[in-house]
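Examining the three-dimensional arrangement
These are the residues of each chain, in order.
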Amino acid sequence: MANPVLAKSALFITFAHIMLMMFHGLRPQFLYPFWSLCLFTSVLNHSVTSEIAKWADRIVISVGVVVDIWLALVFLDNKTKALSFMCLWIVVAGYFSAKMLISQKWLKEHDMCGMSVQDLPHLAAHMFGTLNHFILVIRPGIS
């Protein structure tokens, strides 16, 4: 379902990822097309009402979480790995919290500056997923 708040968030994190890729580069190299695909499906999913876009985004982002876990395990020291895993935990918890809040019909009537309560945990998932990518890329051994 199209959601203008999450669509704007997806566009913002796309811009942040482009800056990250331009100024720090990515290793391993497969991350360029993979992260581009993740960002594309996120923008598309939050911009249109389509079951195909929704499921494509869910599948690609799920694979992305697995890739992020692999990157953290292979490239990060223990302290930074713990930080990365904390970010990923917030991403997953934020996504599922948003889905649980959506099922609460009475919350749909509440509005906060043009944003619904259900958007907050999903926005946190976007923010902490992006933060995790900054951690993965800027750490020695990956960049």
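Everything in this summary refers to the structure shown in the same document. Not measured: the values here are computed from a predicted model.

About the cut-offs
Residues numbered from 1 in each chain as written. Predicted model: local features only at pLDDT ≥ 70, side-chain atom pairs only at ≥ 80, totals over all residues. Heavy atoms only, no water. Helix = DSSP H or I, 4+ residues; strand = E, 2+ residues; numbered from the N terminus. Buried < 20%, exposed > 50% of the residue type's maximum accessible area, 1.4 Å probe, protein only. Patch = residues over 30% accessible without salt bridge, like charges linked within 9 Å, V, L, I, M, F, W, Y side chains within 5 Å. Areas by Shrake-Rupley, 256 points an atom, 1.4 Å probe, with all protein chains shown as cover. Salt bridge = Lys/Arg side-chain N within 4 Å of Asp/Glu carboxyl O. Polar contact = N/O pair within 3.5 Å; in protein donor to acceptor, adjacent residues only side chain to side chain.

A closer look at the environment of Leu 131
Inspection of the secondary structure puts Leu 131 in helix 5 (residues 119-138). With relative accessibility at 38%, the residue Leu 131 sits in the partly exposed group. Each C-alpha atom of the pair Leu 131 and Ala 16 lies 9.7 Å from the other, and the pair is 115 residues apart in sequence.

Observations regarding a nonpolar patch on the surface
Taken together, the side chains of Phe 30, Ile 69, Trp 70, Leu 73, Val 74 and Phe 85 present a nonpolar region at the surface, about 520 Å² in accessible area. Among the structural elements, Phe 30 can be located in the loop between helix 1 (4-24) and helix 2 (31-47).

So, the side chain of Asn 3
Summarising the element assignment, Asn 3 is placed in the segment before helix 1. Side-chain polar atoms of Asn 3 contact the backbone nitrogen of Leu 6, separated by 3.1 Å.

Observations regarding the pattern of salt bridges
Applying the stated criterion across every chain yields a total of one salt bridge. For Lys 54, the salt bridge is made with Glu 51, and the minimal N-O distance between the two is 3.0 Å. Within this pair, Lys 54 and its partner Glu 51 are both found in helix 3 (residues 51-75), separated by three residues, close to a single helical turn.

The values are spatial; any link to function lies outside them.
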